[in-house]
Amino acid sequence: MSRRGFRVAVGEPRPTSAWLLVFVATATLAITGQLEPWALAATGAAFAISLWRRTGAFAWQTNPWLLNALMMGITTGTTWVALQGQPSTVALAHFAATTQGLQLIDARPRKTEFLLVALALFQVVLAANLTDSVFFTPLLVAFVFAAVWTLVVHTLRSEALEAGQAREIPRAFTPGLARTAFAASAVAVLLAMLLFVALPRLQASVVRGPLIGGALAASGFSDRVELGALGRIRSDPSVVMRVETLEGRPPGSAAAYWRGLAFDTFDGRTWSITPPERTLVPGSAEGGVGLGLDPDRYDLVQRIVREPVEAGVLFRIGDPRGIQGTIRRLERDASGGLYAASQADERIRYTVRSLRAQPDDDDLRDDRALPPRRGGERLLARAPLSPAVGRARGADRRGREERRRARARDRALPDEERPLHRHAARSAEGRQLAARGLPVPRARRSLRVLRVGDGGARARGRPARTARERLRGRAHQRDRQLRRGRAEGRARVGRDPLRARGLGALRPDARRSARPRRTAALVHGADRRLRERARAVVVPARRRLRPLRPDRRAQARLARVVRAQLRDGCAGSRGARAHLALRARPARVG
Amino acid sequence: MRRWLRPPRRLSPTRAGWCFFALIFGVGFAALNTGNNLLYLVLSLMLAFLVLSGVLSESALRAIEVRRRVPRELYAERDAWVGIEIYNRQRRVVAYALVVEDRWIDVEGSERAAGRCFALRIAPEGHEQRSYKLRPERRGELAFAGFVVSTRFPFGLFSKSRAFEAPEHALVYPAVDAVPIPRNFGGARESGETVRGPRGAGSEVGGVREFARGDTPRRIAWRASLRSRSLWVRETESEHQGEVEVRLRTAGRPADSGFERDVRGSASEVFALLERGLRVGLRTDRESLAPDAGARQRARLLGYLARVAPDLR
């Protein structure tokens, strides 16, 4: 005989705590303000009828056809809510609330009460996602007590029935059991608080979407706003405050802005108030306290009844000059926001005197006043950017450099196929630049460029011979320029002729090959070594303007490097060989 | 070794428990996905529920003791009631919804549930008596292994169980059928043969003796018992006080259903003849048990028949 499931159907009335459980769970959903009136009415009617006929149900309450028809009605209603454009969680809230009512109506013998508890739990979970109300936590605690008692009662009852000892059931329900259940609930709440603190807060945001949604955030007032956590924002219809103008002209609808929270810092994800600490406003707000430098100058007096809001903020229009109300401890933040500390969950009535005359944009533009001495640097400082933004900018800059190089290479190759007089014009332009003391990028070509450019041209699928001939022509032109003066030639060669053109072609073409970054780094290192070696060999050669004997060790080292590059396939083989040959014969340069 | 390797408690989720686990994972995932503090709060409460369930079920099982009361005579294929006494040794905590499963070892050597009983509430330092119906399938030794006490208290999410070792052996007599004893039967009888023996039934009072295990309460001599402050029973004897010897052939027989049938028949005759008040003996090819009367003789003869095996020589 297996005991792995509830086998005995319990036909007796549910314990009264089941109704308490349902009431609490439905109340958690009701305080969200998201349930349509028909859903609330249906649930309320089911609740009342089932409680009224708890011990003597109507015949239709056990009719499966009718119950199934009601279930279909609930499904239709839920679908209708979803089709109205409501978030999926709101539609599910309707489903859970009305199904819970149907579950209460259903008077057929049941094998378990867990379905009732699970539905109630589902309602609580949905409510947790839909509300920021301060009433949620007390309702959750009440839910724990009701759920514990309901489950205990049902477990004992079903166990006794399964064992055929129905007569013993009343013997088990003693005040001692109630005390045990009460203590267990209290322990569960305490334990939950500990676990709540201890649980690591992670936010994966794995599943998002219009239907599934991330967190469904509500508009409201809290100490911080996390933009990254928002999926969709639903409007919170609960009343925040009631305002009555006692003195002065009531503001028009376009100008009716009551200021409460003003976030001044955004760290890339969260808006918050810095510094977060608040200062106590001296004096008793209950007796009336003046604010600002000129408390007697005001043009508007309003009486405001503020409902409980999470941040405990006090709203007002314009610049507050005085406040009086049921505020035990009045605090002010760095942005001038007023708070009733520790009264976030209370309704507060206060009268605030304000000066509405606010400087317009021109006044603010002309205002050259110095920032306040205390905390003024905060007003002038630019908001710090998150490290992620810095990284993104760096990546963008690197990308731009890569693009610039690629574009330069692009410009170089089509030029080879253009008539030579264009190069001459360029040369003239280069001369003009040189005359103005600016660097001359186009003139820095040599035979090395020719050889390496040959490989680059081949890699791009262009006729290598054409490119080589034209480059050679330009190289001769360049060589003539070099011979014009030792100093000028040394300066140009020593600057970076090879970096600009020659060895750049050895690098893998970023647009054509998706080489791993490691290979690119290796090639870059080889490129740098080649360039240093070339300087060491070529510059003295040019300085002397006489043939040089080849540097055998440098040749061997370069040959190794280029072979490695050939193995890696980072350059066209013929181009690389030409490069190798060039390095092996530096004497020909002079 | 097996005893040492056995976990002190076993926990198996019910269907509702699996649903609860699924809910926990669902809420945990939602909390992780959204970072919503209230969802974390609900998740914490659900985890606290789990912990609480474990603590309360442990309190129900912690100081429980179980004892078994096996009936004096167990017959194969006949119902008997095995008594179970459940003690709660805790001073303050009530034990709820305890299911005690008595386990015995079958012929193949594996443990099986012999029966089960339930106690809804056991008060602190109190005890409850329950019983279950046992119907042994065959004659011979019956080995009880121990108890498994389980509870689904408090929420019905898990069934937590605790094993107790309580080895005990009981002897199951062969199945006994009603045997019509003819008024004129012979003094010796072999199974399947004609009965010969003294006539008459045991209705004459032959004296009193001390109460022995198996004696029927109807024969208690209350006056003598009150005088001596111990139980005495009236001994009856047949008008003719004849002796009957039941013979059972055991030599050269296989241990098959035929042999079992003869054992059953012998036991039935022994039982019926002793009930008649005759002095009954038993002779097999190997042993001979002297004739005697009364409950003690019945236990002796039926006990022998419970263990008897064919003599293969």
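Up top is the structure these notes are about.
Below you will find a few notes about this structure. On a predicted model such as this, the values are computed, not experimentally measured, just so you know. (Residues numbered from 1 in each chain as written. Chains lettered and ligands numbered in written order. Predicted model: local features only at pLDDT ≥ 70, side-chain atom pairs only at ≥ 80, totals over all residues. Heavy atoms only, no water.)

### Focus: the overall build of chain A
Using the following cut-off: Only runs of H or I of at least four residues qualify as helices and only runs of E of at least two qualify as strands under DSSP, and these elements are numbered from the N terminus. Partly exposed residues are those whose accessible area sits between 20% and 50% of the maximum for their type, while under 20% is buried and over 50% is exposed, using a 1.4 Å probe and protein chains only. Every residue pair with non-hydrogen atoms within 4.5 Å of one another is taken to be in contact. Residue-level accessible areas treat just the shown protein chains as cover; the underlying method is Shrake-Rupley with a 1.4 Å probe.
Secondary structure summary: chain A contains 19 helices and 14 strands in total. When burial is assessed residue by residue, chain A has 40% of its 590 residues classed as buried. Sequence-distant contacts, at least 24 apart, represent 75% of the contacts inside chain A between residues at least 6 apart. Of the roughly 32400 Å² of accessible surface on chain A, 56% is carried by carbon and sulfur atoms.

### Quick look at the pattern of salt bridges
A side chain with one charge may pair with a side chain of the opposite charge, provided their charged atoms come close. Rules: Just to be clear on terms, a salt bridge is a Lys or Arg side-chain nitrogen sitting within 4 Å of an Asp or Glu carboxyl oxygen.
Under the definition given, this model contains 38 salt bridges over all chains. Glu-168 of chain B is the partner of Arg-68 of chain B in a salt bridge, and the nearest nitrogen-oxygen pair spans 2.9 Å. Taken together, the residues span a long stretch of sequence, with Arg-68 of chain B in strand E2 (residues 64–69) and Glu-168 of chain B in strand E9 (residues 158–173) at a distance of 100 residues. Arg-68 of chain B gets classed as buried once you look at its relative accessible area, which sits at 9%. By relative accessible area, Glu-168 of chain B is classed as partly exposed at 27%. A salt bridge links Asp-262 of chain B to Arg-253 of chain B; the shortest N-O distance between them is 2.7 Å. Assessed through its relative accessible area of 23%, Asp-262 of chain B is described here as partly exposed. Among the ionic contacts, a cluster of salt bridges with common partners joins Glu-168 and Arg-171 of chain A together with Glu-128 and Arg-130 of chain B.

### Comments concerning helix H2 (residues 37–52) of chain A
All names here are of chain A. Under the convention used in this document: For a helix, the expected span equals 1.5 Å multiplied by the residue count minus one. Directions drawn from the helix axis to the C-beta atoms are what define this arc.
Along its 16 residues, H2 runs 22 Å from first to last C-alpha, staying within 8% of the 22 Å computed at 1.5 Å per residue. For H2, the full list of buried residues reads Ala-39, Thr-43, Ala-46 and Ser-50. For H2, the buried positions fall inside an angular range of 60° around the axis, keeping them on one side. Exposed residues lying more than 90 degrees from the buried face of H2 are Pro-37 and Trp-52. Taken together, the buried residues of H2 touch helix H1 (16–30) and helix H4 (88–105).

### Focus: a positive patch on the surface
What counts is decided by this rule: A patch consists of residues whose relative accessible area exceeds 30% and which take part in no salt bridge; residues with like charges are grouped when within 9 Å of each other, and nonpolar side chains (Val, Leu, Ile, Met, Phe, Trp, Tyr) when within 5 Å. His residues and chain termini do not enter the charge count, which takes Lys and Arg as positive and Asp and Glu as negative. Throughout, a charge is located at the NZ atom of Lys, the CZ atom of Arg, the CG atom of Asp or the CD atom of Glu.
A grouping of Arg-382, Arg-393, Arg-397, Arg-398, Arg-400, Arg-403, Arg-404 and Arg-407 of chain A is seen on the molecular surface, where their side chains present a positively charged patch. Following the sequence through the fold, Arg-382 of chain A ends up in the loop between helix H10 (376–380) and helix H11 (387–416).

### Things to note about the packing of helix H8 (residues 175–198) of chain A against helix H3 (residues 37–61) of chain B
For any two helices packed against each other, the geometry comes down to the angle between their axes and how far apart the axes lie. Heads up, the condition is: Every axis corresponds to a line fitted to the C-alpha atoms, with the helix fit spanning only the stretch in contact, and the corresponding angles, defined between N-to-C directions, vary from 0 to 180 degrees. We call two directions roughly parallel when the angle between them is under 35 degrees, roughly antiparallel when it is over 145, roughly perpendicular when it lies between 65 and 115, and oblique otherwise. With the far helix as reference, a near helix turned anticlockwise by less than a right angle produces a left-handed crossing, and one turned clockwise produces a right-handed crossing. Just so you know the grouping, Ala, Val, Leu, Ile, Met, Phe, Trp, Tyr, Cys and Pro go in nonpolar, Asp, Glu, Lys and Arg go in charged, and all remaining residues, Gly too, go in polar.
Relative to each other, H8 of chain A and H3 of chain B sit at 130°, their axes nearing to 7 Å. Comparing the axis directions of H8 of chain A and H3 of chain B gives the class oblique. The chirality of how H8 of chain A crosses H3 of chain B is right-handed. Of the residues in H3 of chain B, those in contact with Thr-180, Ala-184, Ser-185, Val-187, Ala-188, Val-189, Leu-191, Ala-192, Met-193, Leu-195 and Phe-196 of chain A of H8 of chain A are Asn-37, Tyr-40, Leu-41, Ser-44, Leu-45, Leu-47, Ala-48, Val-51, Leu-52 and Leu-56 of chain B. Class assignment of the residues belonging to the contact of H8 of chain A with H3 of chain B gives a composition of 17 nonpolar, four polar and no charged.

### Regarding the pairing of strand E6 (residues 111–122) of chain B
The following threshold applies: At least two DSSP bridges between two strands are required for those strands to pair.
Note: strand E5 (residues 95–105) of chain B against E6 of chain B, ten bridges, orientation antiparallel. Each residue of the ladder has a partner; that of Asp-102 of chain B, found in E6 of chain B, is Gly-115 of chain B.

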